[in-house]
Amino acid sequence: MFDSHFHLVQCWEKDKNCTFYSGITCAHEKEEFLLQEKLASQLIEKGLDIKLAFGLHPWNIDLSNADFLEGLLKDNRIDYIGETGFDFYTKELKDTKEEQEKAFNICLNFAFQYNKPLVIHNRKALDKIYEYSTGLSKVPHVIFHAFPFGSREAFEILRKGVNAYFSFGIQALKGSKKALDCIQNLPQERLRCETDAPYQCGTELILEISRILEYNRKN
């Protein structure tokens, strides 16, 4: 079982006996990443496939982390850049649009320069994905974390040449119409499941999310 998006450090801090599965774990601050790296090595020793990510998240942007990110890339210590992206869900977030743009451009340019895939966070900013589709099409692949749109928008992203994968978690558990539309209509190889643990649901629910994706593909 592979969890395409979770936060290892926060899961561990919440419950040190938490059950982990293989997956992609994201961090956004230096100290968080260093602990993530240490914890991940322990899980890898137990046979789990853990991919490390670090990125400039659109919340609480700290552009000084760009140097740390590039250092990780130069040393090949991360598998993904992310999460990064755009979030215009609230007025407060909209007011940071300029900073979000700078952070995203840094991550996108690094992804191209170091040939790394991206983990994208996007809320209420689909136009920015379309705007950056040419750049996104030049990176190995993109995982759209908790994809909040429908299959029409997903197919448009693919049509624009982005090697995109669309990940679903709590939306699938709650029967979101947009999530189910994507699950039922997108090619199976483009679908991924996630928990976003511990923020959206617990790590153990990855099994149930996977079953929902499989059931809705067959029905």
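Residue indices begin from 1 for each chain and proceed along its sequence in written order. Since the coordinates come from a predicted model, pLDDT governs what is reported: local features require at least 70, and pairs of side-chain atoms require 80 or more to be given and counted, while whole-chain, interface and lining totals use all residues. Calculation of side-chain values draws on the structure's entire complement of heavy atoms; hydrogens and water are dropped beforehand.

1. Quick look at the packing of aromatic side chains
Between rings of Phe, Tyr and Trp, where Trp is taken as its six-membered ring, a pair exists when centres lie within 6.5 Å; planes separated by under 30 degrees are stacked, by over 60 edge-to-face, and by other angles tilted. The final tally for this structure, using the stated rule, is 13 aromatic pairs. Ring centres of phenylalanine 147 and phenylalanine 149 lie 5.5 Å apart, and the angle between their planes is 75°; on these two criteria the pair is classed as edge-to-face. For each residue, the accessible area found with a 1.4 Å probe, counting protein chains only, is set against the maximum for its type, and the residue is called buried under 20%, exposed over 50%, and partly exposed in between. Classification of phenylalanine 147 as buried rests on a relative accessible area of 3%. Overall, phenylalanine 149 belongs to the buried group, its relative accessible area being 13%. We note lysine 128 situated over the ring of phenylalanine 86; from NZ or CZ to the ring centre the distance is 5.5 Å. Note on criteria: charge over ring means Lys NZ or Arg CZ within 6 Å of the ring centre, with the direction from the centre no more than 35 degrees off the ring normal. Against the face of tyrosine 130 rests lysine 160, its NZ or CZ located 5.3 Å from the ring centre.

2. Some points on the pattern of salt bridges
What counts as a salt bridge is simple: a side-chain nitrogen of Lys or Arg found within 4 Å of a carboxyl oxygen of Asp or Glu. Counted according to the given criterion, the structure contains 11 salt bridges. The salt bridge involving glutamate 131 is made with lysine 128; its shortest N-O contact spans 2.8 Å. Of this pair, glutamate 131 and lysine 128 both sit in helix 6 (residues 126-131), three residues apart, which is roughly one turn of the helix. According to the relative accessible area criterion, glutamate 131 is partly exposed, its value standing at 49%. Across the pair arginine 211 and glutamate 208 runs a salt bridge whose closest N-O atoms are separated by 3.3 Å. With a gap of three residues between them, arginine 211 and glutamate 208 both fall in helix 11 (residues 206-218), about one helical turn apart. Under the DSSP-based scheme used, a helix requires at least four consecutive residues in state H or I and a strand at least two consecutive residues in state E, with every element numbered from the N terminus.

3. As for the nonpolar core
Among the buried residues, those of types Ala, Val, Leu, Ile, Met, Phe, Trp, Tyr and Cys that are joined through side-chain atoms within 4.5 Å form a nonpolar core. Leu118 and Leu136 are the most contacted members of the largest nonpolar core, which totals 63 residues. Counting residues per element, this core draws most heavily on helix 5 (residues 97-114), at seven residues. Excluding residues within four positions of it along the chain, leucine 136 makes contact with Phe104, Leu108, Leu118, Ile120, Ile129, Val142 and Val162. Of all hydrophobic cores here, the second largest spans seven residues; its members include Ile24, Cys26, Ala53 and Val119. The criterion used for residue contact is that any of the two residues' heavy atoms lie within 4.5 Å.

4. Focus: helix 3 (residues 65-74)
Most of helix 3 is tucked away, with seven of its 10 residues classed as buried. Burial in helix 3 covers these residues: Asn65, Ala66, Phe68, Leu69, Glu70, Leu72 and Leu73. At its buried positions, helix 3 is contacted by helix 2 (30-45), strand 3 (50-54), strand 4 (80-87) and helix 5. Positive phi shows up at asparagine 76, right after helix 3, with a value of about 55°.

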